[in-house]
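Listed below are the residues making up each chain.
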Amino acid sequence: MATSGQILSRDGQAPRRDLPQDRVDRPLAAFARDYAEGEAVPRHSHDRAQLLYATAGIMRVTTDAERFTVPPGRALWMPAAVPHAVAMPRGLAMRALFLRADAAAAGPPRAAILSVAPLLRELILAACAEPLEWDEKGRGGHLAALILEEIARAPALPLGVPQPRDARLVRLAAALAARPDSALTLDDWAARTGASPRTLRRLFQAETGMGFARWRQALRLAEAAALLASGMAPARAAAAVGYASAPAFGAAYRAAFGVTPGTVQPATVAVAHSA
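Parameters at a glance
Residues numbered from 1 in each chain as written. Predicted model: local features only at pLDDT ≥ 70, side-chain atom pairs only at ≥ 80, totals over all residues. Heavy atoms only, no water. Helix = DSSP H or I, 4+ residues; strand = E, 2+ residues; numbered from the N terminus. Buried < 20%, exposed > 50% of the residue type's maximum accessible area, 1.4 Å probe, protein only. Contact = heavy atoms within 4.5 Å. Areas by Shrake-Rupley, 256 points an atom, 1.4 Å probe, with all protein chains shown as cover. Lys, Arg positive; Asp, Glu negative; His and termini not counted. Charge placed at Lys NZ, Arg CZ, Asp CG, Glu CD. Core = buried A, V, L, I, M, F, W, Y, C linked by side-chain atoms within 4.5 Å. Polar contact = N/O pair within 3.5 Å; in protein donor to acceptor, adjacent residues only side chain to side chain. Arc of directions from axis to C-beta.

> I'm lost on the overall build of the protein in this one. Help?
When helices and strands are tallied, the protein shows nine helices and 13 strands. Principal-axis analysis of the C-alpha atoms gives the protein an extent of 60 × 45 × 30 Å. Looking at the 275 residues of the protein, the share that counts as buried comes to 52%. Long-range pairs, those at least 24 residues apart, make up 74% of the contacts in the protein between residues at least 6 apart in sequence. For the protein, the computed accessible surface area is about 12,800 Å², with 54% contributed by carbon and sulfur atoms. Of the charged side chains in the protein, 32 are positive and 24 negative; the average position of the first set lies 8 Å away from that of the second.

Printed below as a string of C-alpha cells:
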C-alpha cells in the first residue's frame, strides 16, 4: 500500500519511494528539486541506482553501513535497493539521475562518493532539461551515452564513514556528525549513552572496524573535506571539525587523502532551475 508516494520494499525493511524516474522506459532519467534548509528525506530505497548531485548545498546521506557528507561538485553513487536517508542541513539544489539496471553497470558496485568532472556536471544539468521520455535517437540518447561514459571514468573518493548499528552508537554518531568539533571523550559519551567505556570500545571495533579515536578522525576529515570543497579556508575548516592545530589537521588530511587541505579547490558549480 502506498503512503505519501512510498511503498514497502520487497524485504519489508525500508519504504520504496515511488517516482516516475524509477519506472520510465529509458536507460536513465533525471530528477531536479530544491530542498529547504533542514529538510530531510526519511530512510527509503529505490528500484534503480541513483547518482545524487547538488549544484548548491551539502547533503548528508546515511545507509545502514556508511555515512556520507557530499558537497557541491561531488556526487554520491547509490546502488539500487540500498536503504538510505538524506538530510539537507543548509538546503540543497538536487540534480539526480536514476539509472536502469543495464545502465547502472557503469557505476561502482557499492555506495561511493564520486568526483564530478566539468563535463559530467554539464551533462547532468543538460539531462535535467530533457523530458522524462527523451528521444533515444536524438539529443537525449547522445547525452545518456556520454553520461554513462563519464560515470564509468569518475574516480571514487574515500569519504564514507562506517555507520554503527547499536542504538547507543547510532545516537553518539549522530551527535558527533552534528558537532564534529565536540571535545567529549569516550568516557564522557559513555556517561551520556548509558554504556561503559569498555562496551563502547568493543562495539566501535566490532561494528565499524575502527577504534573510537580513528572513527572520529575519519568523520572529522570527511566533514572537513566537504567544507573545503564548499570554499571554506583550511584553518576555519580545521577549527570547525575540532582540530586545535592547523598543522595537525594538515598532516591528518594529507595522510588520509594524499593532498594537503590548501590544495583543495572549491567546487565550481552551475546553478540550474528545477525541472
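The discussion continues.
> Honestly, the nonpolar core in this entry has me stumped. Any pointers?
Soluble globular proteins tend to bury their nonpolar side chains together. Counting 34 residues, the largest nonpolar core has Met 59, Leu 76, Met 94 and Phe 249 as the members making the most contacts within it. A per-element tally of this core places helix α7 (residues 212-229) first, with five residues. Look past the residues within four positions of Met 94 in its chain and what remains in contact with it is Phe 31, Ala 32, Arg 33, Asp 34, Tyr 35, Leu 52, Tyr 53 and Met 59. The next biggest cluster of nonpolar side chains, apart from the first, holds 27 residues, and it includes Leu 28, Ala 32, Cys 128 and Leu 143.

> Just checking my understanding: could you explain the environment of Gln 21 for this structure?
One can find Gln 21 in the loop between β2 (15-17) and β3 (28-35). Residue classification places Gln 21 among the buried residues on the basis of a relative accessible area of 11%. Residues Gln 21 and Ala 252, spaced 231 residues apart in sequence, show a C-alpha to C-alpha distance of 41 Å. Apart from residues no more than four positions distant in its own chain, Gln 21 is found in contact with Ala 29, Ala 30, Phe 31, Arg 48, Phe 98 and Leu 132. Reaching out from Gln 21, the side chain makes a polar contact with the backbone oxygen of Ala 30 at a distance of 3.1 Å.

> Would you mind showing me how to read helix α5 (residues 186-193) here?
An α-helical turn contains 3.6 residues, so a residue and the one three or four places further along point in the same direction. Listed as buried for α5 are Leu 186, Trp 189, Ala 190 and Thr 193. Projected onto a plane normal to the axis of α5, the buried residues spread over an arc of 105° and lie on a single side. Turned more than 90 degrees off the buried face of α5, the exposed positions are Ala 191 and Arg 192. Looking at the buried side of α5, the elements it contacts are α4 (167-178), α6 (197-208) and α7.

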